[in-house]
Amino acid sequence: MRKQLGFYIDANRCIGCFTCAMACKNQYHQDIGVIWRQVYDLKTEIYPHRERAFYSLACNHCENPTCSNVCPVKAYYKRETDGVVVHEQEKCIGCGNCIRSCPYGAPRHNPVLRKAEKCSFCWERIDSGLEPACILSCPVDALQLIDLATFEEPNAVQYPPGFPKFTSLNPSVRFRVAQSPTVIRRKRL
Ligand code: SF4
Ligand code: SF4
Ligand code: SF4
């Protein structure tokens with residue numbers, strides 16, 4: 001397998017602080033209402049304590065990106081070197097095809113520019129030897145940069161409960177699912 005960068009999301013560590021989402025906004029000076037990375041709390045059917053389990057999600061830089069396939073002006077391309085899916089906003093005509101086609105909701109409408117945009121995997125930072133802003137900002141290492149060509153973590157899953165399963169896209173993301181907390185009860189005196 002050739003190099004394919006992806007996100008490792010450790011739901012067992014994540015504390016839902018939104019620092020990653022804010023770091024992304026700060027890195028790209030995003031307009032009001034535009035969010036490329038979002039932190040979702042899990043439904044109680046998936047995890048019993050809603051305030052304690054989260055998935056921090058952005059674009060999954062899929063192996064077969066539908067956003068790229070439906071774009072009429074070829075504003076998307078997938079990098080040969082690392083599999084990052086890049087959106088070239090200067091080419092975008094704001095037709096919304098990518099926004100409608102992505103089942104993960106990654107491309108967002110920028111109401112100021114009237115164009116689509118999405119997580120770039122901070123490719124400029126990667127090319128400079130730096131980590132993506134969201135990964136660097138996480139205070140508990142719940143987000144990590146992985147290369148799926150070499151990634152080996154036996155407990156990692158691609159489609160945990162609550163994350164939509166679209167095998168045709170093959171999203172470049174892996175999760176460690178949240179474990180149920182150990183409940184320690186006090187003995188009655
Ligand atoms: S998650 Fe959506 S926007 Fe990102 S590469 Fe996959 S299809 Fe494209
Ligand atoms: S990799 Fe960069 S662009 Fe993507 S969500 Fe993280 S900070 Fe935002
Ligand atoms: S910064 Fe880390 S702990 Fe905070 S929400 Fe994001 S992934 Fe979770």
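Relevant structure appears above.
Note that this is a predicted model, so its numbers are computed, not measured. (Residues numbered from 1 in each chain as written. Chains lettered and ligands numbered in written order. Predicted model: local features only at pLDDT ≥ 70, side-chain atom pairs only at ≥ 80, totals over all residues. Heavy atoms only, no water.)

Moving on, we get to the pattern of salt bridges. In the structure shown here, the tally under the stated rule is six salt bridges. Arg13 serves as the salt-bridge partner of Asp10, at 3.5 Å between the closest nitrogen and oxygen. Classification of Asp10 by relative accessible area gives buried; the value is 3%. Accessibility expressed as a relative area gives 41% for Arg13, which makes it partly exposed. The partner of Arg176 in a salt bridge is Asp10, and the shortest N-O contact between them spans 3.2 Å. Of the two residues, Arg176 is situated in strand E9 (residues 173-176) and Asp10 in strand E1 (residues 5-10); the sequence distance between them amounts to 166 residues. (Salt bridge = Lys/Arg side-chain N within 4 Å of Asp/Glu carboxyl O. Buried < 20%, exposed > 50% of the residue type's maximum accessible area, 1.4 Å probe, protein only. Helix = DSSP H or I, 4+ residues; strand = E, 2+ residues; numbered from the N terminus.)

Let us now look at the nonpolar core. The biggest cluster of nonpolar side chains holds 37 residues, and the ones touching the most others in it are Phe7, Ile9 and Phe175. Of all the secondary structure elements, the ones that give two or more residues to this core are E1, helix H1 (19-28), strand E3 (54-57), helix H5 (133-137) and E9. Beyond its immediate sequence surroundings of up to four residues, Ile9 is in contact with Tyr55, Ser56, Leu57, Ala142, Leu143, Val173, Arg174, Phe175 and Arg176. Grouped together as the second largest cluster of nonpolar side chains are eight residues, Cys67, Cys71, Ala75 and Val85 included. (Core = buried A, V, L, I, M, F, W, Y, C linked by side-chain atoms within 4.5 Å. Contact = heavy atoms within 4.5 Å.)

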